Amino acid sequence: MTSVPTDTVSASDIIARETAHVVQVYRRAPIVITRGRGVYLYDVDGREYLDLISGVGVASLGHANPDLARIVAEQSLELLHCSNLFFHPYQGVLAERLATLSGLPRTFFCNSGSEAVEACLKFARRSWFTAGDRSRTGIVALHGSFHGRTMGSLSVTADPHYRDPFGPLLGPVTFVTPNDDAAIATAITPETAVVVLEPIQGEGGVRPLSQAMAHAISDACQKSGALLIADEVQCGLGRTGRAFHSAALGLKPDLMALGKALGAGVPVGAAMFSAEVASKAAFGDHGSTYGGNLLACRAALVFLTELTERGLMEHVAEIGEHAQATLNALASRHSAVTSVRGAGVMWGIEIDRPAAAVVQAALERGLLINRTSDTVIRLLPPFVITAEEFTAGIAILDDALTAVIEEKAS
Ligand SMILES: *Cc1c(COP(=O)(O)O)cnc(C)c1O
């Protein structure tokens, strides 16, 4: 056995080894996580953390969920993977469940959110190619967007910090400022193949698309015939207390990207298509070695069963009400809080200064949150969090905010 016995290795040894050998693209907090249970994580020294970021929106059922663990273990003893050369019992069931939830009848399975966005972009282009409209290749995206890190998904991600080192990227992509409904009407033209948007921008600071902008985009897509991709990787699948936030905005996407919460910790991505878009694809157009493997499908089915049959979506909606009230109260105690945005288990708390110090102060107090868009504290707790656990987390955040604000003032 060559496995590293974590209980005999110190955090500093683990960090030193990784720092020497892993490509340095992550600015990690200097703690080593070894296990979890529900909304709590534990580090190598046994310290407990209340986790309100859940692996960036992934651990939807909490950590070490016993039902998920049992199914994953059972499936591992049966079969993990058989490739897409053959059928297995679970892809069809999962696609059917996703179709019921979204109204989009066909799914392509992949392994991450970026891959799902990538598949949506490819199938949108494919759709116009099949229709014989070869010049219709333009893409419209929004400023503040984040759609992933692969070349295609990066090409529709606005942040120059992510983009600039990797050009030239896929084009032509036109970026429009969210909530500039006049600009969207001119940006979407008969050359636009597809418009891609996050119904609530996640990495961009938990910013919901306005109803007016959603209408403007729908209208412009209808007029020009452009397709619409809803990137629901972060905000979708019940995170807001509703199945999909695009539906809440009255949008009817032709394509949808899913990931994060879907596998509850097992990597799963899904790209969903309308019958029309799917009908334009042909055998061999796209594929994935791992995509839709048995393990991934079983995990996603556990999540969807909890969400739609065991009351988890309703639970998230209730937690959302509680969260709104709790965060409004937090904002009323701290003038540094300038805005609270979100729903369900997706919240952004904007402050009048960089949020990194607050994230650090929270970590020191045993609370895991993160910062996005510089001045926004983001919360993506597990869907299963209780009102008491949420309140406990916000009490720690309150304390962390106070400490940071007082330190700055003194
Ligand atoms: C996280 C995220 C992605 C990328 O997902 P990965 O699994 O990291 O590839 C894409 N779109 C949105 C909206 C996301 O939040």
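Structural data are supplied above this passage.
Here we summarise the structure given alongside this text. (Residues numbered from 1 in each chain as written. Predicted model: local features only at pLDDT ≥ 70, side-chain atom pairs only at ≥ 80, totals over all residues. Heavy atoms only, no water.)

### Quick notes on helix 5 (residues 113-130)
Using the following cut-off: A run of DSSP states H or I qualifies as a helix once it reaches four residues; a run of E qualifies as a strand once it reaches two. Both are numbered from the N-terminal end. To estimate the expected span of a helix, subtract one from its residue number and multiply by 1.5 Å. Partly exposed residues are those whose accessible area sits between 20% and 50% of the maximum for their type, while under 20% is buried and over 50% is exposed, using a 1.4 Å probe and protein chains only. Polar contacts, as used here, are pairs of N or O atoms within 3.5 Å; protein pairs need one atom able to donate a hydrogen and one able to accept it. Residues neighboring in sequence count only if both atoms are side-chain atoms.
With 18 residues, helix 5 extends 25 Å between its outermost C-alpha atoms, agreeing within 8% with the 26 Å of an ideal straight helix rising 1.5 Å per residue. Within helix 5, the full set of buried residues consists of G113, S114, A116, V117, A119, C120, L121, F123, A124, S127 and W128. One side-chain oxygen of the residue at the start of helix 5 lies 3.2 Å from the amide nitrogen of E115, identifying that residue as S112. Positive phi appears at G132, one or two residues downstream of helix 5, with a value of about 90 degrees.

### A closer look at the sheet that holds strand 13 (residues 337-343)
The cut-off we apply is this: Two strands pair if DSSP finds at least two bridges between them. Angles run from 0 to 180 degrees between N-to-C directions of axes, and those axes are lines fitted to C-alpha atoms, restricted for helices to the stretch in contact.
Strand order in the open sheet formed by four strands is 13-14-17-16, and the pairing between neighbours is antiparallel. Because the sheet does not close on itself, it has two edges, and the strands there are strand 13 and strand 16 (370-372). The mean inter-strand angle of the sheet, taken between neighbouring strand axes irrespective of direction, is 25 degrees. Sheet topology note: the strand 14 (residues 346-351)/strand 17 (residues 376-379) ladder contains four bridges and is antiparallel.

### A closer look at the packing of helix 4 (residues 91-102) against helix 12 (residues 294-309)
Our working definition: Each crossing gets its handedness from the near helix: less than a right angle anticlockwise from the far helix is left-handed, clockwise is right-handed. We call two residues contacting when some pair of their heavy atoms lies within 4.5 Å. The classification used treats Ala, Val, Leu, Ile, Met, Phe, Trp, Tyr, Cys and Pro as nonpolar, Asp, Glu, Lys and Arg as charged, and all other residues, Gly among them, as polar.
Closest axis-to-axis distance for the helix 4/helix 12 pair is 10 Å, and the angle between their directions is 35 degrees. Here helix 4 runs over helix 12; the crossing is left-handed. Residue-level contacts link Q91, V93, L94, R97, L98 and L101 of helix 4 to C297, A300, L301, L304, T305, L307, T308 and E309 of helix 12. Here the residues of the contact of helix 4 with helix 12 sort into nine nonpolar, three polar and two charged.

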